[in-house]
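# Remarks on the overall topology
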Amino acid sequence: MTRGTLAAAQSAVYQSCRAFPENDLFIVILDLFFAGKETTASSLVWLIYYLATYTEAQHKMQAEVDEVLPKGTLATLQDRARLPYTEAVIHDTLRVSSLSANGGSHAASKDTMLGGLCYP
Ligand code: HEM
């Protein structure tokens, strides 16, 4: 994605109409690294922690991976449906781990009623 973003920023169209200022590119790259890198790394650390703690789940997941992806085969998106246990382990890791305890702050741009609640 970064390569595509850089290519877009360098393209003649963007250069000529200045629709992609350099500062925007800087912010997009910051988004990728701050929002994308730490969350992904922490998710993997929690996954390893839980698999090391719950060895029964680890062995079950390993067996599924070995069966669906013979040694050396890299997973693709098409393999996802054949790895339900592995997917469940990943979902549960995301559910129970403290990845973004406080989250980012959000605010409504104007007072909004939704489901009987007021979001000022
Ligand atoms: C396991 C990996 C990830 C987790 C657990 C995660 C988690 C989150 C959470 C909790 C939020 C806040 C959502 C909200 O409160 O509205 C968020 C937002 C965001 N994440 Fe991730 N994220 C992950 C991976 C990534 C990656 C790989 C990228 C970029 C390549 C990314 C980019 C963003 C951006 C740009 C936002 C802000 C979206 C907005 O405008 O509201 N995240 N993420």
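Above this text you will find the structure in question.
Attention in this report is confined to the structure presented alongside it. (Residues numbered from 1 in each chain as written. Predicted model: local features only at pLDDT ≥ 70, side-chain atom pairs only at ≥ 80, totals over all residues.)

## Focus: the overall build of the protein chain
- Each helix and strand counted, the protein chain has five helices and two strands in total.
- Each helix (α) and strand (β) of the protein chain, taken in turn from the N terminus, gives the series α-α-α-α-α-β-β.
- Looking at the protein chain as a whole, 2% of its 120 residues qualify as buried.
- Summarising the internal contacts of the protein chain: among those between residues at least 6 apart in sequence, 42% fall at separations of at least 24. (Helix = DSSP H or I, 4+ residues; strand = E, 2+ residues; numbered from the N terminus. Buried ≥ 20, exposed ≤ 12 C-beta atoms within 10 Å, placed from the backbone. Contact = placed C-beta atoms within 7 Å.)

## Re the site of the ligand
- The environment of the ligand is formed by Asp-31, Leu-32, Ala-35, Gly-36, Thr-39, Thr-40, Ser-43, Leu-94, Leu-99, Ser-100, Gly-103 and Gly-104.
- If one sorts the elements of the shell around the ligand by residue count, helix α3 (residues 22-53) sits on top with seven residues.
- In terms of residue class, the shell around the ligand is made up of four nonpolar, seven polar and one charged. (Near = placed C-beta within 6 Å. Nonpolar A, V, L, I, M, F, W, Y, C, P; charged D, E, K, R; others polar.)

## Focus: the packing of α3 against helix α5 (residues 84-96)
- Interaxial distance between α3 and α5 falls to 10 Å at its minimum, and their mutual angle equals 110°. Taken as axis vectors, α3 and α5 run roughly perpendicular relative to one another. Taken together, the residues of α5 that come into contact with α3 (itself represented by Ser-43, Trp-46, Leu-47 and Tyr-50) are Ile-90, Thr-93 and Leu-94.
- Taken together, the residues of the contact of α3 with α5 sort by class into five nonpolar, two polar and no charged. (Axes fitted to C-alpha atoms, helices over the stretch in contact; angles between N-to-C directions. Parallel < 35°, antiparallel > 145°, perpendicular 65-115°, else oblique.)

## Quick look at the environment of Thr-40
- Turning to its location among the elements, Thr-40 is positioned in helix α3.
- On the neighbour-count criterion, Thr-40 (11 C-beta atoms within 10 Å) is exposed.
- As for Thr-40 and Leu-99, which are separated by 59 residues in sequence, their C-alpha atoms are 9.4 Å apart.

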